[in-house]
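Structure assessment
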Amino acid sequence: MTDQSIFLVTLVVDDYDRAKHFYCDILGFECVFDSPLPEGKRWLVVKPRGGDGAGLLLARADVAVEQEVVGNQTAGRVSFFLKTDDFFRDHAAMKGKGVRFLEAPRQELYGTVAVFSDLYGNLWDLIQHADATAS
C-alpha cells in the first residue's frame, strides 16, 4: 500500500475575506495560499499553525445550492476537529477573541474537549487528547 493522507478539505464560505479573517486572525491559522483564479475566485488555503494535518480550502459559494450549505455542510454534526497540545490556553484565547463555545470544557476518556461554532455555524471540537499520540 502507498503512503496516503488527506491534505485538504473544502469548506464552503460566503466571502473569502470574512472567512480568512476568522480562520487566520481569530483562530490563529496560517494562510498557506491566497491566489486569484478566473471569474473572481481564489485558491485560499488555511491550516492550523505548527500542525502537519489537513488544510481548509475556503471556497466561496456562488450558486444557490452552494449558498444553502454554508454553515451546515454536515447537517448539524461536528464537522471539524481541532487538536491542541494545550486545551485551556487555546480555549481561553479563542473565547477572548469572541469564539462561541456551545458547552463548557468536559473530560472524556479520550481527552479534554468542547464544541465551538465558527462564524457560519459549522461545529468544531477543540480537543486535547489524554494520550498525546492519539488521533
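Residues numbered from 1 in each chain as written. Predicted model: local features only at pLDDT ≥ 70, side-chain atom pairs only at ≥ 80, totals over all residues. Heavy atoms only, no water.

Per an unreviewed UniProt entry, the recorded name for the protein is VOC family protein, and the organism is Rhizobium deserti.

A few points about the domain arrangement of the protein
Along its sequence, the protein is carved into domain 1 (1–70) and domain 2 (73–134). Between domain 1 and domain 2, the C-alpha centre-to-centre distance is 19 Å. Opposite the 19 residues of domain 1 that make contact, domain 2 presents 13 residues. Each partner contributes to the roughly 1300 Å² buried at the junction of domain 1 and domain 2, and carbon and sulfur atoms together form 69% of this total. Of all residues in domain 1, F22, I26 and L27 give up the largest surface area on contact with domain 2, accounting jointly for 33% of the area buried on that side. Where domain 1 packs against domain 2, one counts six residue pairs in polar contact (both at pLDDT 80 or more). For the side of domain 1 that touches domain 2, the elements supplying multiple residues, two or more each, are β1 (8–13) and α1 (16–26). Looking at the side of domain 1 that touches domain 2 element by element, the count peaks at six residues for α1. For the side of domain 1 that touches domain 2, the residue count by class is 14 nonpolar, one polar and four charged. (Domains from an automatic or database assignment. Contact = heavy atoms within 4.5 Å. Buried area = accessible area lost by both parts, 1.4 Å probe. Polar contact = N/O pair within 3.5 Å; in protein donor to acceptor, adjacent residues only side chain to side chain. Helix = DSSP H or I, 4+ residues; strand = E, 2+ residues; numbered from the N terminus. Nonpolar A, V, L, I, M, F, W, Y, C, P; charged D, E, K, R; others polar.)

Topic: the pattern of salt bridges
Tallied over the full model, the rule gives 10 salt bridges. Here R18 and D14 are joined by a salt bridge, their closest N and O atoms 3.3 Å apart. On the basis of relative accessible area, R18 is assigned to the partly exposed category, the value being 40%. Put simply, D85 and R89 hold a salt bridge, and the shortest N to O gap is 2.8 Å. Take D85: its relative accessible area is 60%, and that puts it in the exposed class. By relative accessible area, which is 43% here, R89 ends up partly exposed. Within this structure, D17, K20, D34 and R42 form a network of salt bridges that share partners. (Salt bridge = Lys/Arg side-chain N within 4 Å of Asp/Glu carboxyl O. Buried < 20%, exposed > 50% of the residue type's maximum accessible area, 1.4 Å probe, protein only.)

Points about the UniProt feature "domain: VOC" (unreviewed entry) in the protein
In the numbering used here, UniProt assigns the "domain: VOC" (unreviewed entry) feature to residues 5–129. Taken end to end, residues 5–129 has its terminal C-alpha atoms 20 Å apart, with 20% of it in helix and 40% in strand. (UniProt positions renumbered as here; feature names shortened; annotations may be inferred.)

As for helix α3 (residues 87–96)
Buried within α3 are the following residues: F87, H91 and M94. End-on, the buried residues of α3 take up no more than an arc of 70°, which puts them together on one face. Away from the buried face of α3 by more than 90 degrees, exposed residues F88 and G96 are located. (Arc of directions from axis to C-beta.)

Thoughts on unusual backbone geometry
Although it is not a glycine, E39 sits at a positive phi angle of roughly 65°. Among the secondary structure elements, E39 is positioned in the loop between β2 (30–36) and β3 (42–47). Here E39 falls in the exposed class, since its relative accessible area comes to 74%. For A75, which is not glycine, the phi dihedral falls at a positive 55°. Summarising the element assignment, A75 is placed in the loop between α2 (64–67) and β5 (78–83).

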